[in-house]
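# Remarks on the overall topology
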Amino acid sequence: MYTVADYLLDRLKELGIDEIFGVPGDYNLQFLDHITAREDLEWIGNANELNAAYMADGYARTKGISAFVTTFGVGELSAVNGLAGSFAENVPVIEIVGSPTTAVQASKKLVHHTLGDGDFLRFEKMHEEVTAGIAHLTADNALTEIDRVLLIAITEKRPVYINLPIDIATITVSKPQSKLNSQAEQLTAVEAAILTKVEQALQQAQCPVVIAGHEILSYHIEQQLDAFIQKFNLPITTLPLGKSAFNEDDAHYLGTYTGSTTDEPLKSRVDTADLVLLLGVKLTDSATSGFSFGFTDQQVISIGSTEVLFYGEQQEKVQLDRFVSALATLSFSRFTGEIIPVKRTENLAITDENLTQKQFWKMVEEFLISGDTIIGEQGTSFFGLTNVPLKKAVNFIGQPLWGSIGYTFPSALGSQLANKASRHLLFIGDGSLQLTVQELGTAIREKLAPIVFVINNNGYTVEREIHGATEQYNDIPMWDYQKLPFVFGGTEQTVATYKVFTELELDEVMKSARNDTERMQWIEVVMDQEDAPELLKKLGKIFAKQNA
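What this report covers is the structure whose coordinates are included nearby. Please read these numbers as outputs of a predicted model, since none were measured by experiment.

All right, on to helix H2 (residues 29-36) then. All of the buried residues in H2 are Phe31, Leu32, His34 and Ile35. Down the axis of H2, the sector holding all buried residues measures 150°, keeping them to one side. In the core, the buried residues of H2 are packed alongside helix H1 (4-14), strand E1 (19-22), strand E2 (42-45), strand E3 (66-71), strand E4 (93-99) and strand E6 (160-165).

Below, the structure is given as structure tokens:
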């Protein structure tokens, strides 16, 4: 018997999903049976629904799309924060919510996991603001609604929500007769006209610069962007929200642009450009140091997934992946001006001094190798990594717009499952880790082997830099971080743990960790509470003023 549940899972598999995350609950158990019965899908049970949403987000950033399952009410509301982050940062995640039978819902019975008022649509309505599409499956619409919202997810690169009543999941249906309709490759008339305008602007520009943003990563069009840059020899930078959208080892890459906090000569090069071409960019406060970018609307053409602006005037929308692919077909002269690539750390001296933030991130730069995936937790880690030049084929994951602390630990594990061939390096602070550390047990169970750097600086450093440097609300309980993996089921056969205080200690541990690929590497890095990356110190002052 082929059911709605089977149809949905076949569609997920068609989109490239191999693992499904979530937490069991009595309203989704029968659907979970269909997942575990398949040999081509793996169920990854999580410690809680929020972590499942975070894990699915990381998986989607690396693989292109993901899915997770919760139960009605209590489960889906626990996950909604993670879903909101996916919506904010253009990550296509599919939330499947197992709900009571249609008969129970129609009779408005006061069953568990409801608010006791017989209204079964309340939680679905709550998701309207953080999803691009909602499907409430019935016997009549199940197949068309599944296809509709999945197309929204892959086209708009945003999360969607599927309400799957128990009895609807088991209805007998026919298998898909064709693949999901994909976007046409040919430009629309509107897109062609906008492309011509971009071409004319580039023909006239004497000192252009391209800024790439996170939507390049959302649509996985890094290669299309690269083809455009290489063909026309254009200088390019990225925002922190969009780091790794372009190969940072390439001679065209100028460094990370962060507004007024950007180092020279990059700051002046961007601010004085006669054309600033933004591709997939959102100029958020954390990415631009409190909106302190030095260019004006009169310099900017911005092409994004939801908005197109020419010198401050709004144009009709485009399909971003199709449009960026077409940029390499333009006709204008190659740029012949000077391009100063990002400066890299050379001949770094290692001493027996206690670790500082400044030295730590320089050592991290030298530690990276091609093919790594880097995950930076919002706060000390993200702002420390912002100006670390990456190697070729290194992917970067952060969440600077939504900025939910604790996000990166489950996200790193989801991304590691999506790309097992890439060594994942997670940098996370002690405060953030305490929010989502439960997923450490999942990592050990799944035999994942990332390198995890836990920065122990005794509390919420990013908050201390903004306000209340010595206030108790920025303090956290002190844990013995080095021993945590063994609390969550790790053994010496599955995890190697370290605690370092000095540069020499870290240097030795880094060498061991890089060579030990079969076990998780868990490295507690102790640094002074009052120490912070220079960028974070500057941003702390800017955010404090912004919040005044």
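Now that the structure has been shown, the text picks up again.
This next bit is on the environment of Ile444. With respect to the element layout, Ile444 can be found in helix H18 (residues 440-445). Residue class for Ile444 comes out buried when judged on its relative accessible area of 11%. Sequence separation of Ile444 and Ala212 is 232 residues, and the distance between their C-alpha atoms is 36 Å. When residues no more than four places from it in sequence are discounted, the contact partners of Ile444 are Pro485, Phe488, Gly489, Gly490, Thr494, Val495 and Met520.

Regular strands place side chains that alternate from one sheet face to the opposite one. Of all 6 residues in strand E16 (residues 424-429), 6 are buried; the element is thus mostly enclosed. Going residue by residue along E16, you find His424, Leu426 and Ile428 tucked away on one face and Leu425, Phe427 and Gly429 tucked away on the opposite face as well. In terms of strand pairing, strand E14 (residues 373-376) meets E16 through 4 bridges, oriented parallel. Looking at the pairing, Thr373 lines up with His424 of E16.

Residues Val198, Leu225, Phe228, Leu279, Ile303, Leu327 and Leu330 are the most contacted members of the largest nonpolar core, which totals 53 residues. In this structure, Leu330 is in contact with Leu195, Val198, Glu199, Leu202, Phe228, Lys231 and Phe232, ignoring residues within four places of it in sequence. Ile44, Tyr407, Leu417 and Val437 belong to the second-largest nonpolar core, a separate cluster that totals 40 residues.

This paragraph deals with empty space enclosed by the protein. Empty space among the atoms becomes apparent when a probe as large as a water molecule is rolled across them. Following the criterion strictly, the structure yields 1 cavity of 30 Å³ or more and no others. In this structure, the largest cavity spans a volume of roughly 40 Å³. Lining the largest cavity we find Tyr27, Asn28, Gln30, Phe31, Gly98, Leu164, Pro165, Ile166 and Ala169. Elements represented by at least two residues in the lining of the largest cavity include exactly H2, E6 and helix H8 (166-169). Along the lines of polarity and charge, the residues of the lining of the largest cavity split into 6 nonpolar, 3 polar and no charged.

Turning our attention to the sheet that holds E14. What the 6 strands build is an open sheet, ordered E15-E14-E16-E17-E19-E18; its pairing is parallel. Since the sheet does not close on itself, it has two edges, and those belong to strand E15 (395-397) and strand E18 (495-500), each with one partner. Adjacent strand axes in the sheet meet at a mean angle of 15°, parallel and antiparallel pairs treated alike.

Parameters at a glance
Residues numbered from 1 in each chain as written. Predicted model: local features only at pLDDT ≥ 70, side-chain atom pairs only at ≥ 80, totals over all residues. Heavy atoms only, no water. Buried < 20%, exposed > 50% of the residue type's maximum accessible area, 1.4 Å probe, protein only. Helix = DSSP H or I, 4+ residues; strand = E, 2+ residues; numbered from the N terminus. Arc of directions from axis to C-beta. Contact = heavy atoms within 4.5 Å. Pairing = 2+ DSSP bridges. Core = buried A, V, L, I, M, F, W, Y, C linked by side-chain atoms within 4.5 Å. 1 Å grid on protein atoms, 1.4 Å probe; cavity = no way out; pocket = protein on both sides within 12 Å on 5 of 7 lines; lining within 4 Å. Points joined across faces, edges and corners; volume = space filled by probe spheres on them. Nonpolar A, V, L, I, M, F, W, Y, C, P; charged D, E, K, R; others polar. Axes fitted to C-alpha atoms, helices over the stretch in contact; angles between N-to-C directions.

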